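So the chains spell out like this:
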Amino acid sequence: MKRKKTGTQRIRLAVQILFFVVVALVSVAHTLEEQGVTLPFVQGASLHAICPFGGVVTLYRLVTDGTYVQKIHESAVWLMGLVFLSTLAFGPVFCGWVCPMGSFQEWLGKLGKKLFKRRYNTFVPPTVDRILRYLRYVVLIWVVVMTAVTAKLVFSNYDPYYALFNFYTGEVAITGYVALGLVMVLSLFVERPFCKYACPYGALLGLGNLLRVFKLRRNTITCIDCKACDTACPMNITVSTAAVVNDHQCISCLKCTSDSACPIPSTVEFNTHRLEQDSQEVAK
Amino acid sequence: MKIGAKGIAISVVATILGGVVLLMALGSWKTVSEKVPMKFSSGEFAGIANPADIRGSYSFADVERNFAVTADILAAAFALDVTVKPARDYLAKDLEALYGEVADGAGEVGTDSLKWFVALYTGLPFTPAEDTYVPRTVIEVLRDSGKIADADTLARLEVRSIEPLAPGKVPETVVTHVESITDRSIKGNTTYADVISWGVTQQEIEAILGVPLKSRTENIRSHLLANNLEFSVIKAKLQALVDSLAP
């Protein structure tokens, strides 16, 4: 039982590491290529070219002019489509499984957990937290509108993700370093602070939780109300009161499920139908 | 239907990485721009390329392809040394590397300066930023070609002009390549002349490239990029030829 539970998160960690390494390699290869050095087997590309959010911010320009915002290319639009596809199926799995910035914060958070134990991820008062959670939609609107108006990547100067993978290139604005530093420090107190409060792409993908085919469901019949799911959730979602988790902050990480935190089998799952149906059928 | 970690992992990797591999195979995965600026959408210049959309990554060859101004004229206007590298290979962003901040930090010669020059040379509308400067050679080239239409434009250029570069100045990103006698590996800064000096004939190179070789001194990587050829593929074939001729 114990091995199975760790296995779920190990699989997710493997996927996170895979994407983190791929993005780091592509980014380093690009920097080296600009200096005339080619790495074997790795095709370099700028971080903007492999960022699916680039596809989102260039959409207005693409539709109205048929061109891309500076530094954004066709690849970003394709990636946007692929990520939307996975979001329609499972919600923001991109945030929980793929995004290297999310993974980086999560890994820093492990240090925070060691430092603060049970107090970790509980420092922000719920009333303040509830309001701050909508800040990322303000960021999303600002980025999309300003990018459409200026045709420039306005967010890259404040983007901790860009700073993380380009910190050694001299192309990062001071504000980018400040944003990265702030996210790193906050990650020691709050799990995934950038994802929760500021990420514009996470804001957009979060809406996918309302539409996803596989939904995170809780079986209200078998649930023993132990709240293990609430404690495990990195995004502080109260899973224990919902039959279906539609919260825009859910990142589909599976930490709350019966394969991880939930002690009762088949009680919290990613499923296409109501779990109570299964219980009723078993009862019959 | 239930899905667990394995199912999600396989789906996510297959959708994103598999999707990228498929797009690469279909030739639709493009991580660099086509270097085609947007066009004026209305007015008397509708349908003509807009100099305001020239990017820092554009080479002078890209500018030449999109606007009625040659790379040689651009190099002359910005006093660039074409003995260091061909005019076509200079990038718009090289101007920033070479000139950078000017007039005691009050202005800058960079991509915006190139946009301004192209606009004036081709008679297209463009409003430069307040801090955009140009070298004096820009005024000389425009005047000699009869492209300065009015005194106001000339006066604006005069106010925002600086001394041109001294000959021989090289942008930091440009590496002057010295061929190694022992190292015969093709790198990003290797020229066709290097490969020829290692014993490969021009005909053999052209047979691999599938396009004619116009300049032996051209950097292989830049030439391949300009011709939409895959550097890693051509490099492997050329390297195999070089290795087979090694003493």
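Counting from 1, residues in each chain are numbered in the order their sequence is written. All chains are assigned letters beginning at A, and all ligands numbers beginning at 1, according to the order in which they are written. Reporting of local features is limited, given that this is a predicted model, to residues whose pLDDT is at least 70; pairs of side-chain atoms are given and counted only at 80 or more, and all residues count toward the totals for whole chains, interfaces and linings. As a rule here, side-chain values cover all heavy atoms of the structure and leave hydrogens and water aside.

1. Focus on the overall build of chain A
Secondary structure elements are defined from DSSP: runs of H or I of at least 4 residues count as helices, runs of E of at least 2 residues count as strands, and each element is numbered from the N terminus. Along chain A, the regular secondary structure elements total 13 helices and three strands. Here the globule rule reads 2.2 Å times residues to the power 0.38, and the radius of gyration is calculated from C-alpha atoms. The globule rule puts the C-alpha radius of gyration for 284 residues at 19 Å, and the 20 Å found for chain A is close to it. By principal-axis analysis of the C-alpha atoms, chain A measures approximately 65 × 45 × 45 Å. With a 1.4 Å probe rolled over the protein chains alone, any residue whose accessible area is under 20% of its type maximum counts as buried; one over 50% counts as exposed, and the rest are partly exposed. For chain A, the residues scored as buried account for 53% of the 284 residues in total. Should any heavy atoms of two residues lie within 4.5 Å, those residues are counted as being in contact. Excluding contacts between residues fewer than 6 apart, the proportion of contacts in chain A whose partners are at least 24 apart in sequence is 72%. Working definition of accessibility: Shrake-Rupley area with a 1.4 Å probe, residue cover restricted to the visible protein chains. For chain A, the accessible area works out to roughly 13,200 Å², and carbon and sulfur atoms hold 69% of it. Charge assignment: positive for Lys and Arg, negative for Asp and Glu; neither His nor the chain ends contribute. Working definition for charges: the position is that of NZ of Lys, CZ of Arg, CG of Asp or CD of Glu. Positive and negative side-chain charges in chain A, numbering 28 and 17 respectively, have mean positions lying 8 Å apart.

2. Here we look at empty space enclosed by the protein
Residue and element names in this part refer to chain A. The way it works is a 1 Å grid over only the protein atoms, where trapped points that fit a 1.4 Å probe form a cavity and open points with protein on both sides within 12 Å along at least five of seven lines form a pocket, and then any residue with an atom within 4 Å of a point lines it. Grid points are joined across faces, edges and corners, and a volume is the space filled by probe spheres set on the points. All told, the structure shown has three cavities of 30 Å³ or more when counted by the stated rule. If you trace the largest cavity, you find 14 residues lining it, with Leu216, Cys233, Cys250, Cys253 and Cys256 closest to the centre. Looking at the lining of the largest cavity, its residues break down into twelve nonpolar, one polar and one charged. What the second largest cavity holds in volume is close to 70 Å³. Just so you know the grouping, Ala, Val, Leu, Ile, Met, Phe, Trp, Tyr, Cys and Pro go in nonpolar, Asp, Glu, Lys and Arg go in charged, and all remaining residues, Gly too, go in polar.

3. Focus on the packing of helix α6 (residues 136–144) of chain B against helix α7 (residues 151–159) of chain B
Residues and elements named next belong to chain B. To obtain an axis, a line is fitted to C-alpha atoms, over the contacting stretch when the element is a helix, and the angle between two such axes runs from 0 to 180 degrees between their N-to-C directions. With their axes 9 Å apart at the nearest point, α6 and α7 run at an angle of 155 degrees to one another. It follows that α6 is roughly antiparallel to α7 by the angle criterion. Seen along the crossing, α6 lies across α7 with a hand that is left-handed. Contact with α6, carried on its side by Arg136, Val138, Ile139, Leu142 and Arg143, involves Leu154, Leu157 and Glu158 of α7 and no other residues of that element. Within the contact of α6 with α7, the residues separate by chemical class into five nonpolar, no polar and three charged. Any angle from 65 to 115 degrees is called roughly perpendicular, while one under 35 is roughly parallel, one over 145 is roughly antiparallel, and all others are oblique. Left-handed describes a crossing whose near helix is turned anticlockwise from the far helix through less than a right angle; right-handed describes the clockwise counterpart.

4. Let's talk about the sheet that holds strand β1 (residues 2–3) of chain B
Across the sheet, which stays open at both edges, the four strands sit in the order β2(A)-β1(A)-β3(A)-β1(B) with antiparallel pairing between neighbours. Edge positions in the sheet fall to β2 (244–245) of chain A together with β1 of chain B, since each of these pairs with one other strand and no more. For two strands to be treated as a pair, DSSP must find at least two bridges joining them. Alignment of strand β3 (residues 268–271) of chain A against β1 of chain B, held across two bridges, turns out to be antiparallel. What sits directly across from Asn271 of chain A, in β1 of chain B, is Lys2 of chain B.

5. Quick look at unusual backbone geometry
All names here are of chain A. Phi at Asn236 is positive, roughly 60 degrees, even though this residue is not glycine. Tracing the backbone shows Asn236 in the loop between α12 (228–232) and β2. What makes Asn236 partly exposed here is its relative accessible area of 34%. In this structure, Leu254 takes a positive phi of about 70 degrees despite not being glycine. Inspection of the secondary structure puts Leu254 in the loop between β2 and β3. The exposure class assigned to Leu254 is buried, which follows from its relative accessible area of 4%.

By themselves, these are just geometric observations and shouldn't be taken as functional.
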